[in-house]
Amino acid sequence: MGYAETYRRSIESPEDFWAEAAAAIDWDSAWERVLDDSQAPLYRWFSGARLNTCYNALDRHIEQGRGDQPALIYDSPVTATKAELSYSELRDRVARLAGGLKALGVAQGDRVILYMPMIPEAVIGMLACARIGAIHSVVFGGFAARELATRIDDARPKVILSASCGIEVNRVIPYKPLLDEAIRSAAFPPAHCVILARPEAASDLKDGRDLDWLELEAESEPADCVPVAATDPLYILYTSGTTGMPKGVVRDHGGHAVALAWSMKHVYGVEPGEVFWAASDVGWVVGHSYIVYGPLIHGCTTVLYEGKPVGTPDAGAFWRVIAEYGVSVMFTAPTAFRAIKRDDPRGEFIGRYDLSQLRALFLAGERCDPDTLNWASEKLQIPVIDHWWQTETGWPIAANCLGIEQLPVKPGSPTRAVPGYDVRVLAEDGQEVPDGEIGSIMIRLPLPPGTLPTLWGNDQRYIDAYLSAQPGWYLTGDAGYRDEDGYLWIMSRIDDIINTAGHRLSTGAMEEVLASHQDVAEAAVIGAHDDLKGELPVGLVVLKSGVDRPEDEIKAELVQMVRDKIGPVAAFKKVAIVDRLPKTRSGKVLRATMRKIADGKDYTVPATIDDPVILDEVTDALRSIGYGKG
Ligand code: COA
Ligand code: AMP
């Protein structure tokens, strides 16, 4: 069956479609309803069914003869380490850690936060939670203590799993001090922390609270898989919203397992037994879905790479990994390819490795500029597929589904809606706009399995943020259009979210940090174009009257504050001081206009502007830090 027919079936008969897909999963008991719409607009998939996600990711493959197949390949150029864990070895370590968590009092439904670098224990920790029905929440290592504390207070974990350090190229980043600081400032501290001691950094273990990871594993009895409801939460993953309070995206067990298994075969075109590599981080949704759960549920070998596309040691790093492990399908963010292209524009490293097993490259996480896509396709001579999704959906909304039918590539478009997603472009009045016209990209409810059923502990915030713009529709937050061939073009966000090196960041959260500086009266943060990272945050601040300290000193403090409060991943390095911010007469800051000025684009002075002269001041201030024309 080709794309058109598969897509039509998924939209016209979603229950039949997903019930069929559910055959790829082992269930402990069958569902009562494939789609439960009794609480619409909150939908649930496979209600009444029971399963265990860890069983589906590990044990069943061992029972089916994959025990000796590598499940996880760990490749860490930053520590010069390579290791392989077979399905049996991974299951045994997961079962022991799960037993250790149980011994610490973690039961089904309890939360466990992971603050981990890219080491096998991160995967072991996630799967150990899934094994006993605990809910994990992974916090990306590039976030600062305050961000971790916010997540601790929202998730209220019983235990935190962490490591003594992360390693950024050649810089050791001690995690324990960050963890201790976060716990000190949290209102709901965990009962225990389990710390993996890495040789690169020691960490002080606090008596009675902290335990050594490997000792806990060694001393614990293996735990069995606990069947849970398909609709129970498997994990919470916090993602940037428009304020400093991140949104706790919830993922369920049943729909998630079904959707990921389906996507591995039909979107990525991968077969069980093959090596699949997502060069991302377990702290992001890509890491959850396509480093951990997708490949393992599908019986693939997954690669966990602790390194960068360049600098560890060179722009050939990705090709080495692909050749060394026989990767068939790879997934990363366009920014990684921009970094490689910058260091090796002629692609000379590519020729030094045998990449004959690599069938396709998938890119996502940010808009993929045609130059990058064309460069990658030309150099690799394989399909390079831009696909579009978000933390909330957990798997692609639009893609060229290689496992169904390869459609022609249009660089700049992530191709067409993936089966299961009824994607439309709507105007403000809720009417569909004609093909080619830009509007708000929305998905008709119900969303397919695997997408977020709600936000953690906050159904109302879920409804308000995503389901209220147009009743019956999910608001993606992206604007764009559909062309006459049904291809989607994702152009920009409609909110204050920016995308820096494939990382989703809230400019609102950065504004809150800047505004908390003693000398700052008002602040705005915009995303300005960057050739490597796509977008970079740029701050514009107005100082309180009477402040006469050197501006450079204040700017340096502001940069440091964002780094300390949000984290290095925000890459906030540019700030300009202005007398006033441009605003409409009703007081709305004109961020879109400032953004155009920063990018050196032509703009029209908004009719509602309070005082157009301010735009000249902003232009000068942005020019002084390297942005704008001239
Ligand atoms: N722990 C601590 N610090 C971290 C971190 C982590 N896990 N991850 C990143 N950081 C730090 C970096 O060291 C850097 O700090 P610096 O300001 O002192 O240099 C900062 O956060 C920004 O990191 P990053 O965005 O990774 O930029 P970079 O300049 O180090 O590398 C790229 C640039 C393009 C090579 C890199 O962003 C990359 O590989 N991107 C791939 C994108 C990706 O994986 N996206 C995930 C979604 S698919
Ligand atoms: P995240 O939740 O971090 O995965 O970020 C999701 C957001 O990244 C989307 O809402 C888009 O704005 C952007 N995004 C992800 N993939 C693409 C893509 N292929 N093309 C354009 N934008 C993308």
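Bear in mind the structure is a predicted one, so any value in this text is a computation, not a measurement.

A word on the sheet that holds strand 16 (residues 275-278). The sheet built from seven strands is open, its strands ordered 5-4-17-16-18-19-20 with mixed pairing. Of all strands in the sheet, those bounded by a partner on one side alone are strand 5 (81-86) and strand 20 (384-386). Across the sheet, the axes of successive neighbouring strands diverge by a mean angle of 20°, strand direction being ignored. Lying over the sheet, helix 10 (residues 285-297) contacts strand 4 (70-76), strand 16, strand 17 (301-305) and strand 18 (327-332), oriented at roughly 150° with respect to strand 17.

Time to look at the pairing of strand 30 (residues 534-543). Note on strand geometry: in a regular strand, side chains alternate between the two faces of the sheet. Across the 10 residues of strand 30, 10 count as buried, placing the element largely inside the fold. Pairing geometry for strand 29 (residues 520-530) and strand 30, over 10 bridges, is antiparallel. Paired with E522 across the two strands is V542, which belongs to strand 30. Here five bridges tie strand 30 to strand 31 (residues 574-578), and the two strands are oriented parallel to one another. By the bridge assignment, V542 is partnered in strand 31 with V578. For the crossover that starts at strand 30, traverses helix 16 (residues 551-565) and ends in the parallel strand 31, the hand is right-handed.

This next bit is on the site of ligand 1. Surrounding ligand 1, one finds 23 residues, the nearest of these being E168, R171, K308, R563 and K573. Within the side chain of K533, a nitrogen or oxygen atom sits 2.9 Å from an oxygen atom of ligand 1. Contact with the protein chains covers 83% of the free accessible surface of ligand 1, which is 930 Å². Taken together, the residues that form the shell around ligand 1 break down as 11 nonpolar, six polar and six charged. Mapped onto the domain boundaries, the shell around ligand 1 takes at least three residues apiece from domain 1 (3-307 + 387-480) and domain 2 (501-624).

Rules used in this analysis
- Counting starts from 1 at the beginning of each chain's written sequence and moves along it residue by residue.
- Chain letters start at A and ligand numbers start at 1, both assigned in the order the entries are written.
- The model is predicted, so local features are restricted to residues of pLDDT at least 70 and side-chain atom pairs to those at 80 or more, both for listing and for counting; the totals for chains, interfaces and linings are taken over all residues.
- Hydrogen atoms and water are omitted, and side-chain values are computed over all heavy atoms in the structure.
- Only when DSSP finds a minimum of two bridges between them are two strands counted as paired.
- Each helix is a run of DSSP H or I of at least 4 residues and each strand a run of E of at least 2, with the numbering of both proceeding from the N terminus.
- Orientation is described by lines fitted to C-alpha atoms, with helices fitted over the stretch in contact, and by angles between N-to-C directions that extend from 0 to 180 degrees.
- The criterion used for residue contact is that any of the two residues' heavy atoms lie within 4.5 Å.
- Note on classification: 1.4 Å probe, protein chains only; a residue is buried when its accessible area is under 20% of the maximum for its type, exposed when over 50%, partly exposed between these limits.
- Look down the strands so they point away from you; if going from the first strand over the helix to the second traces a clockwise path, that crossover is right-handed.
- Proximity criterion: a residue is near a molecule or strand once any of its heavy atoms comes within 4 Å of it.
- Here a polar contact is taken to be a pair of N or O atoms separated by no more than 3.5 Å, where protein atoms must pair a possible hydrogen donor with a possible acceptor and residues adjacent in sequence count only if both atoms sit in side chains.
- For every accessible area listed, the method is Shrake-Rupley and the probe measures 1.4 Å; residues are considered covered only by the protein chains on display.
- In this classification, the charged set is Asp, Glu, Lys and Arg, the nonpolar set is Ala, Val, Leu, Ile, Met, Phe, Trp, Tyr, Cys and Pro, and all remaining amino acids, among them Gly, are polar.
- An automatic or database domain assignment supplies the start and end points of every domain.

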